[in-house]
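Examination of the molecular architecture
Each chain, written out:
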Amino acid sequence: MNIQSIIEKMTLEEKAALCTGASAWSTTPIERLDVPEMIVSDGPHGVRRVPNVHEMASTSLPATCFPTASCLASTWDVDLIRHMGEALGEECIALNVDVLLGPGANMKRSPLGGRNFEYFSEDPYLAGEMAATIINGVQSKGVGTSLKHYAANNQEFQRFSISVEVDERTLREIYLPAFEKAVKQAQPWTVMCAYNKVNGTFASEHDYLLNKILKDEWGFKGLVVSDWGAVRDRVAALKGGLDWEMPGPQDRRVKEVVAAVESGNLDEAVLNESVRRILRIVFMAAKTPKEGEFDVEAHHALAQKVASEGMILLKNNGLLPLKDQQQIAVIGRSAENAHFQGGGSSHINPTKVTVPFNALKAQSEATEFTYAEGYPTDDSFRQDMIDKAVGLAQTADVAILYIALPTFKESEGYDRKDLDLTNQQIALIKAVSAVQPHTVVVLNNGAPVVMGDWIDGVAAVLEGWMMGQAGGGAIADVLYGKVNPSGKLAETFPARLTDTPPHLNWPGDAGHVRYGEGLFIGYRYYDAKEVPVQFPFGYGLSYTTFAYSNAQVSASSFKDTDGVTVSVDVTNTGKMAGKEIVQVYVHDKEAGLVRPFKELKGFAKVVLEPGETKTVSVDLDFRAFAYYHPEYSQWITEDGAFDLLIGASSADIRQTVTVNLESTLNLPCILDKESTIREWMADPRGKAVFGPHFAQMEAAAREMFHSDDNERYATEGSIGMDIMEMFSDMPLVSVLMFQKDALPVHPEDMVAGLLQQVHAA
Ligand code: BGC
């Protein structure tokens, strides 16, 4: 297909129309030039294909509802997630969808974020791996994806308008890397811009984010689509790099674009570039034959597999796995009415749903199961329901509480107000566990809940997440030990809401939200502040135990461009086959700028029979050691020692190896007129040219604050302070100003001369 020749034949109106949707879910076809339409659908964890593309939200066609991203990331299993992506691709084909709107790669800045269930992690490395894997899976079938919501879309409060105030380094190290990795490793066909503003500019008009970073720097080849309704100024958005506006049709926008080109306000070359990007994807989509069938049963089974790998055993005093108990009281309406997905644009019409209670009953014929609803659908308090549940629990051997966070507390479109279960649910858990020590709590929620009120009283807690349509079977398998749980948290479970990193800067006001905690979200924050948490990032229990030994590195000293490989032996020391997720964090022992204590840079999931040992290896590349330096405007490495921390969670480091990195970078000198004495002396080139003058400057400084009291003279001087400490943090030029009469040239000329020398060096 010669796209250039099509563009040459297109009228201005046709170009403008192509850059806006023809319907809620399709591109504008151009019949006379054989340009077909392309159909997109939500996403991200299932296909929400509305039968009529002119309707935004009618009941969609049945499709497999897989677990949501919180659960997917908790699997840490890239092979499995790749299969899920392939299955999503197959369903897109069967449902005549060219591009699936997902995955979402935004960071979980606060556990209150209403859409956190659709996002993977508080950690950019893990989120990036997951996003890239799903994209590769879907796109391997000839179906496109839409990586969303680019960028810094981390809350629902004022999500269409709020301006995220975030510094460059935080953006680069926390909020962008998952997108960057997904773009570089998987080339999604489309990227969806966010609704919000970033540092005052709408993400839909953000030249820096869209043109400079996404397209130029990362080499994104696809098209940028707006989130639905994210465009305010169509012409500004085209200039800013937004290719395709959705939803359509938008006649007024088409006219605005035509008028802007005609008046010279918009260079037609800019429009042509967007047209080219859209046509390229439209024709890629057209190559994949659509329609047919997908294997409903096989995909349901896959959804169950994913759910069982992503569920996390948070607490177990030995009660689990269950045996053939005589009587089990099953309490909680989510046992009968599975809570398996979140509200909003990702809502899937499932092909079928496993009822958790039925799946549980199928596990043990010898057991009598009783049932009480336990809590209502709304926020009311019903003591009678609690009383009934307590009555059943009292006479049973075990009570299993199925507790789902209701949609009025968690959904797209609004943030959570607290991290609590409902009052009734908390009272229910306390009342039941007070009479029944063998109480298991099974949670269905998309984001952390606090458990301080009740966790000590229960025997076990299973985090079931928004587990997808087949999750009911996964819960039963895990409770009975048919599946040995292996999921680990992709986000910290805090002890209290007030402990969370952005607490003082959430959700913002007066149109702005300040990302004041900077780099320190998730475990980066809890590490730095030494704040105790309910469950740390990377944590999860198993029915077996694992020992780590013999950590090795491929080289104890290495060049940043070569990277290094770290390996460790993991042994299953228990009685049951199981899977362990090995995590590798990097700790920079000394850095020019402040850094988080440790950061996840690699992981591996390994299957082990009882007694078996396997060696797990993780490659660490340049980026595993680098940080983004805003003054150099690039990722930099520094010579020096790094600890490689190998752990079973972020709080359970089992092995440490120290390595030495040699940086191959030849960084430009960033000393300038305002550089302090400390900065001059810390920079090798600065020290070389200024060093010879240092002693003279110090002597003059000390003389200026000279004291007759010889004992104090050496350090404190006449004003009772450490003179050189103070001067070190002053710009060199300012210090010299105080000594100007003794200098052969004016201090400004002297500094200019020194700068000339360092920049020439
Ligand atoms: C959501 C997107 C979604 C789109 C289309 C928006 O409100 O933010 O994630 O893909 O609607 O439904």
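Residues numbered from 1 in each chain as written. Predicted model: local features only at pLDDT ≥ 70, side-chain atom pairs only at ≥ 80, totals over all residues. Heavy atoms only, no water.

Digging into the overall build of the chain
Helices and strands together make up the secondary structure of the chain, namely 24 helices and 27 strands. Projected onto its principal axes, the C-alpha coordinates of the chain cover approximately 95 × 75 × 50 Å. Among the 761 residues that make up the chain, the fraction classed as buried is 61%. Counted over contacts in the chain with a minimum sequence separation of 6, partners at least 24 positions apart contribute 76%. Approximately 28,200 Å² of the chain is accessible, and the part contributed by carbon and sulfur atoms is 49%. (Helix = DSSP H or I, 4+ residues; strand = E, 2+ residues; numbered from the N terminus. Buried < 20%, exposed > 50% of the residue type's maximum accessible area, 1.4 Å probe, protein only. Contact = heavy atoms within 4.5 Å. Areas by Shrake-Rupley, 256 points an atom, 1.4 Å probe, with all protein chains shown as cover.)

A word on the sheet that holds strand β1 (residues 40-42)
One open sheet accounts for five strands, arranged β1-β2-β3-β5-β8; its pairing is parallel. Both edges of this open sheet fall to β1 and β8 (223-225), since each of them pairs with a single strand only. When strand polarity is set aside, the average angle formed by the axes of neighbouring strands in this sheet is 30°. Direction of pairing for strand β3 (residues 144-150) relative to strand β5 (residues 190-193): parallel, over a ladder of three bridges. (Pairing = 2+ DSSP bridges. Axes fitted to C-alpha atoms, helices over the stretch in contact; angles between N-to-C directions.)

Things to note about the pairing of strand β26 (residues 640-649)
Here is the key point about a regular strand: its side chains alternate between the two faces of the sheet. The element β26 is extensively covered by neighbouring structure, given that eight of its ten residues are classed as buried. Examined bridge by bridge, strand β21 (residues 578-588) and β26 share six bridges and lie antiparallel to one another. Among the inter-strand pairings, Y585 is bridged to a residue of β26, identified as L645. Of the pairings in the sheet, the one linking β26 to strand β27 (residues 652-662) comprises nine bridges and is antiparallel in character. Pairing of G647 across the sheet is with I653, part of β27. Linking β26 back to β27 in an antiparallel pair, the connection comprises two residues.

Side note on the site of the ligand
Contacts to the ligand come from 14 residues, most closely from D42, R115, H149, Y195 and D227. Measuring from an oxygen atom of the ligand, one finds a side-chain N or O atom of R115 at 2.7 Å. One of the side-chain N or O atoms of K148 is found 3.0 Å from an oxygen atom in the ligand. Surface burial for the ligand is 94%, taken as the share of its 310 Å² of free accessible area covered by protein chains. In terms of residue class, the shell around the ligand is made up of five nonpolar, two polar and seven charged. (Near = heavy atom within 4 Å. Polar contact = N/O pair within 3.5 Å; in protein donor to acceptor, adjacent residues only side chain to side chain. Nonpolar A, V, L, I, M, F, W, Y, C, P; charged D, E, K, R; others polar.)

Some thoughts on the sheet that holds strand β11 (residues 368-372)
Strand pairing in a sheet relies on backbone hydrogen bonds, with the paired strands running either antiparallel or parallel. If you walk across this open sheet you meet the six strands as β9-β14-β13-β12-β10-β11, and the pairing is mixed. Because the sheet does not close on itself, it has two edges, and the strands there are β9 (312-316) and β11. Taken pair by pair, the neighbouring strands of this sheet meet at an average axis angle of 15°, ignoring direction. Contacting β10 (327-331), β12 (398-404) and β13 (439-444), helix α15 (residues 423-435) crosses the sheet at an angle of about 175° to β12.

Brief notes about the side chain of H300
Within the fold, H300 resides in helix α12 (residues 296-310). Look past the residues within four positions of H300 in its chain and what remains in contact with it is T64, K352, T354, Q469 and A470.

What about empty space enclosed by the protein?
A water-sized probe, rolled over the atoms, reveals where empty space remains. Going through the model one piece at a time under the given rule, you end up with five cavities of 30 Å³ or more. Computed from the structure, the largest cavity encloses a volume of approximately 90 Å³. (1 Å grid on protein atoms, 1.4 Å probe; cavity = no way out; pocket = protein on both sides within 12 Å on 5 of 7 lines; lining within 4 Å. Points joined across faces, edges and corners; volume = space filled by probe spheres on them.)

A closer look at the environment of S542
For S542, the location among the structural elements is in the loop between β17 (533-535) and β18 (546-553). Filtering out sequence-adjacent residues up to four positions away, S542 remains in contact with N484 and P485. At a separation of 3.2 Å, a polar atom in the side chain of S542 contacts the side chain of N484. A distance of 2.9 Å separates a polar side-chain atom of S542 from the backbone nitrogen of T544.

Regarding the side chain of S364
Within the secondary structure, S364 is located in the loop between α13 (356-361) and β11. Looking at S364, the relative accessible area reads 3%, which means it is buried. A polar contact of 2.9 Å, which involves the side chain of S364, links it to the side chain of D324. When neighbours within four sequence positions are excluded, S364 is seen to be in contact with D324, F369 and Y480.

Remarks on the pattern of salt bridges
Here the structure, examined in full by the defined rule, presents 45 salt bridges. Among the ionic pairs, E245 bridges to R253, the shortest N-O distance being 3.0 Å. Note on accessibility: E245 and R253 belong to one class, buried. Ionic pairing is found between D652 and R654, a salt bridge with its closest N-O pair at 3.1 Å. By sharing partners, the salt bridges in this structure join R115, E118, E156, R159 and E412 into a single network. (Salt bridge = Lys/Arg side-chain N within 4 Å of Asp/Glu carboxyl O.)

Quick look at the domain arrangement of the chain
With domains assigned, the chain is organised as domain 1 (3-286), domain 2 (305-491), domain 3 (546-662) and domain 4 (677-760). Taking only C-alpha atoms into account, the centre of domain 3 sits 42 Å from that of domain 4. (Domains from an automatic or database assignment.)

So, the packing of aromatic side chains
The tally for this structure, following the rule as stated, stands at 21 aromatic pairs. Ring geometry for W76 against F603: centres 5.2 Å apart, planes inclined by 90°, an arrangement best described as edge-to-face. Of the two residues, W76 is situated in the loop between α3 (69-75) and α4 (78-94) and F603 in strand β22 (residues 599-608); the sequence distance between them amounts to 527 residues. Take W76: its relative accessible area is 1%, and that puts it in the buried class. Among the aromatic residues, those joined into a ring-pair cluster are W76, Y125, Y523, F537, Y585 and F603. Against the face of F202 rests K197, its NZ or CZ located 4.9 Å from the ring centre. Above the ring of W635, the side-chain terminus of R623 is found at 3.5 Å from the ring centroid. (Phe/Tyr/Trp six-rings, centres within 6.5 Å; stacked < 30°, edge-to-face > 60°. Lys NZ or Arg CZ within 6 Å of the ring centre and 35° of its normal.)

Section: unusual backbone geometry
The omega torsion of the bond from Y150 to A151 falls at 10°, within 30 degrees of zero and hence cis. Position of A151 among the secondary structure elements: in the loop between β3 and β4 (163-165). Look at the link from G248 to P249: it is a cis peptide, with omega at -5°. Checked against the element boundaries, P249 lands in the loop between α9 (234-240) and α10 (251-263). Within the chain, N199 stands out as a residue other than glycine whose phi angle is a positive 50°. Secondary-structure assignment places N199 in the loop between β6 (197-198) and β7 (201-202). For N199, a relative accessible area of 39% gives the class partly exposed.

Here we look at the confidence of the model for the chain
Here the chain averages 96 in pLDDT, while 99% of its residues score no lower than 70. In the model of the chain, helix α21 (residues 710-713) stands out as the element of lowest mean pLDDT, 61, in contrast to β8, which has the highest, 99. (pLDDT = per-residue confidence, 0-100.)

A few points about the environment of Y175
On the secondary structure map, Y175 appears in helix α6 (residues 168-175). On the basis of relative accessibility, which here comes to 2%, the residue Y175 falls in the buried class. A C-alpha to C-alpha distance of 9.2 Å links Y175 and R109, two positions 66 residues apart in sequence. Apart from residues lying up to four places away in sequence, Y175 is in contact with M107, R109, N154, V166, T170, Y515, E517 and I521.

Considering the nonpolar core
Formed by 158 residues in total, the largest nonpolar core has its most connected members in Y150, L279, I400 and L479. Other than its neighbours up to four places away in sequence, Y150 contacts L176, F179, V191, M192, C193, A194, A203, L209, L210, I213, L214 and W218. Formed by 35 residues, the second largest nonpolar core is a distinct cluster that contains I386, L401, I429 and V432. (Core = buried A, V, L, I, M, F, W, Y, C linked by side-chain atoms within 4.5 Å.)

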